[in-house]
Amino acid sequence: MTYAIVYDSRTGNTEALARAVAAALPDKGRLAFGRIGEADVEAVAAAERVYVGFWTNRGDCTDDTAELLSSLDGKEVFLFGTCGFGADATYFAAVVARVAVHVPESARIIGTFMCQGRMPASVRERYKQQAETNPAQEPRMRQLIENFDAALEHPDDHDLACLRARVEETA
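Per chain, residues are indexed from 1 in the order of the written sequence. For a predicted model such as this one, the threshold for reporting local features is a pLDDT of at least 70, and the threshold for listing and counting side-chain atom pairs is 80 or more; totals across whole chains, interfaces and linings nevertheless cover every residue. Values reported for side chains reflect all heavy atoms of the structure, with hydrogen atoms and water molecules removed beforehand.

Trainee: Whenever I open this one, helix 5 (residues 121-133) confuses me. Can you help?
Mentor: For an α-helix the count is 3.6 residues per turn, leaving residues at separations of three or four pointing the same way. Helix numbering and strand numbering both begin at the N terminus, where a helix is a DSSP run of H or I of at least 4 residues and a strand a DSSP run of E of at least 2. Expected helix span is given by 1.5 Å per residue-to-residue step, counting one fewer step than there are residues. Look at helix 5: 19 Å from first C-alpha to last across 13 residues, which is about the 18 Å you get at 1.5 Å a residue. Those residues of helix 5 that fall on the buried side of the exposure criterion are Val 123, Tyr 127 and Ala 131. The arc that holds the buried residues of helix 5, viewed along the axis, is 75°, so those residues lie on one side. Looking at helix 5, the residues exposed on the side facing more than 90 degrees away from the buried face are Ala 121, Arg 126, Glu 132 and Thr 133. The contact criterion used is simple: two residues touch if any of their non-hydrogen atoms lie within 4.5 Å. Buried residues in helix 5 make contact with helix 6 (138-151). Here's how the labels work: a residue is buried when its accessible area is under 20% of the maximum for its type, exposed when over 50%, partly exposed in between, all with a 1.4 Å probe on protein chains only. Each C-beta atom gives one direction from the helix axis, and the arc is the one those directions make.

Trainee: Would you mind going over the nonpolar core with me for this structure?
Mentor: The nonpolar side chains of a soluble globular protein tend to be buried with one another. Counting 25 residues, the largest nonpolar core has Val 44, Val 52, Leu 69, Leu 72, Val 77 and Leu 79 as the members making the most contacts within it. If you list the elements that add at least two residues to this core, you get strand 1 (3-7), helix 2 (41-46), strand 3 (49-55), helix 3 (63-70), strand 4 (76-83) and helix 4 (89-100). Per-element accounting of this core gives the leading share, four residues, to helix 4. If we ignore the near neighbours within four places in the chain, the residues touching Leu 79 are Val 52, Phe 54, Leu 69, Val 96, Val 99, Ala 100, Ile 109, Gly 111, Thr 112 and Phe 113. Throughout, nonpolar core names a set of buried Ala, Val, Leu, Ile, Met, Phe, Trp, Tyr and Cys residues whose side chains join them through atoms within 4.5 Å.

Rendered as structure tokens:
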């Protein structure tokens with residue numbers, strides 16, 4: 001089997017996942033590894049299977065990731081990603097469902113993995129300022145700040161081990 005690993009990473013979270021995917025697979029058969037827009041497009045097109053990593057942007061993937069996904073006609077696709085909000089399986093499933101819409105019907109999604117990922121410090125500051133300027137929003141902002149603080153630890157070793165196991169199941 002030939003494969004490619006491509007990812008979109010803003011803060012390094014999804015890049016860490018991409019490296020875990022690479023560690024779980026043999027070097028033989030790897031045609032490409034790299035960021036979307038930097039990985040060899042022809043090699044990705046030639047791969048039988050494509051592992052696509054994304055960061056969650058407003059509950060979906062970025063436009064660059066969506067464009068790549070839409071080009072994967074006839075491929076086996078494994079989706080993996082990070083999102084800053086929560087570690088809730090239901091939320092993760094909803095994100096994957098929105099991202100999967102970008103995959104052509106002729107492609108087959110063979111696996112998925114999502115985990116929480118740390119967010120830029122500016123996000124926490126924005127929550128804090130919102131709580132201070134709008135007291136009615138303070139309870140919600142406090143909840144978001146708690147989520148932000150929990151996300152600082154992710155992706156952690158457990159997340160990476162779970163991803164590697166999921167990849168190995170499909171290899």
